[in-house]
Amino acid sequence: MADTIFITDERIDGDADADGPLTGRTVAIKDNISTEGVRTTCGSAMLEDYVPPYDATVVSRLKDAGATIVGKTNMDEFGMGTTTETSAFGPTDNPAAPGHVPGGSSGGSAAAVAAGEAELALGSDTGGSIRCPAAFCGVVGIKPTYGLVSRYGLVAYGNSLEQIGPFGETVEDAAALLDVITGPDDRDATTRAVELDGESYADAATGDVDGLTIGVPTELVEGADEGVVDTFWDAIAELEAQGAEYHEVSLPSVEHAVEAYYVIAMSEASSNLARFDGVRYGPATDADGNWNETFAAVRKEGFGDEVKRRILLGTYALSAGYHDKYYKKAQDARAWVKQDFDEALSEADVLASPTMPVTPFEQGESLDDPLQMYLADANTVPVNLADLPAISVPAGESDVDGLPVGLQLVGPSFGEERLIRAASALE
Ligand code: GLN
């Protein structure tokens, strides 16, 4: 089986004189993050030959910090998927569970860290694309609060939902990478400065959970597989043994989160992907003259099935006759999800759940059933709808199939330090 961790295996040296916090450290970068002079494909045939003329803000910051970029990693096409199998460049194997998917859409980045190809990696998370592969590959992944990390140079999929975030083998490693990429950016008006309690995010990895209150949303545990649920409760027991306490909380709105997420994400995608028109981006085709024919021919050839499906559904959800019925309703549900999280977090320091309700799929298992794939995102998408931060940390292996299970912790807006502190108690 073809096994692609990197789509482009090209090294980019950071500023050697920088003596920065990441000098001598290696970082793999998801292939939807722009790198000047190095091909950036988004896992799509549409961008097979696209070389960006500029760096994403996070990439400039990595270079300034002295990091060595080791390559651009495989991903589901434009970030659309949960397995990295929708990539036009073939699948990626899971180094922690050979024969299984690494999760997605940032599967190549998580696999790079799990396989030791890079110490650190960047992914992007629109609805779970950092946390899912972290959980499936047995590494740590952080989805920052919306607005903590600049999206300048990230090829947009669902821009009201997504953030770039770090992977590491340990919580402290991931936090150290977060330290480098955060901070306001004039080129992304949604970013803001955050006052930290301590010196840095990495400093927060103390493992101190004494007195921490954990809310466990019943709805996010109920639907999970038995082996996942057992491993999850073992991790909660370990946190309790270290001085944390837990109680169950309810998030009634999350029942509608997957529907709302997919309507919003597909609607935004249908608009964002309109720029791939064969003029500025895309393969050359034989169609000549007629604009509509050329546009259709390029998109037919350049996009894969999952991307086409989402553009069609998103266009439909935004169309005049159906906008109120789908898009507006989804926005109402999003507001409800936010409210539910705010309430639950007023009675707990953090919320905990299994990151994924299942263990890694076997390669090829879920491709012909998109709905099964969408439902696997049940625990991750609510967090993006609510704009909140979350971390996935390894919780152990399922005693049913021996495969990796991740624990997800969700915190209040810009509460990353709290998540880092709590998650590091499980290491
Ligand atoms: N699996 C989700 C999707 O396909 C999340 C993807 C992501 O976070 N980029 O939309």
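Residues numbered from 1 in each chain as written. Predicted model: local features only at pLDDT ≥ 70, side-chain atom pairs only at ≥ 80, totals over all residues. Heavy atoms only, no water.

By the naming in an unreviewed UniProt entry, the protein goes by Glutamyl-tRNA(Gln) amidotransferase subunit A and is assigned to Natrialba aegyptia DSM 13077. Word for word, the UniProt comment on the protein under Function (unreviewed entry) is "Allows the formation of correctly charged Gln-tRNA(Gln) through the transamidation of misacylated Glu-tRNA(Gln) in organisms which lack glutaminyl-tRNA synthetase. The reaction takes place in the presence of glutamine and ATP through an activated gamma-phospho-Glu-tRNA(Gln)." As stated in UniProt under Subunit (unreviewed entry), the record for the protein gives "Heterotrimer of A, B and C subunits." (UniProt positions renumbered as here; feature names shortened; annotations may be inferred.)

Asks: In this structure, what is going on with unusual backbone geometry? I would like to understand it.
Replies: The general pattern is negative phi for most residues beyond glycine and trans for most peptide bonds. Look at the link from Gly104 to Ser105: it is a cis peptide, with omega at 10 degrees. Summarising the element assignment, Ser105 is placed in the loop between β3 (68-73) and α2 (107-114). Of note, Thr84 is a non-glycine position whose phi angle comes to about 65 degrees, a positive value. Within the element layout of this structure, Thr84 appears in the loop between β3 and α2. Owing to a relative accessible area of 0%, Thr84 belongs among the buried residues under this scheme. (Helix = DSSP H or I, 4+ residues; strand = E, 2+ residues; numbered from the N terminus. Buried < 20%, exposed > 50% of the residue type's maximum accessible area, 1.4 Å probe, protein only.)

Asks: Can you help me understand the pairing of strand β11 (residues 404-410) in this one?
Replies: Regular strands have side chains that alternate between both faces of the sheet. Across the 7 residues that make up β11, a large majority, 7, are buried. Pairing between strand β9 (residues 350-354) and β11: 4 bridges, direction antiparallel. Bridging across to β11, Pro354 finds its partner in Leu407. Pairing of strand β10 (residues 390-397) with β11 involves 7 bridges; the strand directions are antiparallel. When the bridges of β11 are listed, Val393 appears paired with Leu407. Linking two consecutive strands that pair antiparallel, namely β10 and β11, is a turn of 6 residues; a positive phi of about 75 degrees is found at Gly402 within it. (Pairing = 2+ DSSP bridges.)

Asks: Is there a simple way to think about the site of the ligand in this case?
Replies: With respect to spatial proximity, 15 residues lie near the ligand, and among them Thr126, Gly127, Ser129, Tyr157 and Tyr261 are the closest. Interatomic distance of 2.9 Å between a side-chain N/O atom of Thr82 and a nitrogen atom of the ligand. For the ligand, an oxygen atom lies 3.5 Å from a polar atom in the side chain of Tyr262. When the ligand sits alone it has 290 Å² of accessible area, and the protein chains cover 100% of it. Looking at the shell around the ligand, its residues break down into 4 nonpolar, 8 polar and 3 charged. (Near = heavy atom within 4 Å. Polar contact = N/O pair within 3.5 Å; in protein donor to acceptor, adjacent residues only side chain to side chain. Areas by Shrake-Rupley, 256 points an atom, 1.4 Å probe, with all protein chains shown as cover. Nonpolar A, V, L, I, M, F, W, Y, C, P; charged D, E, K, R; others polar.)

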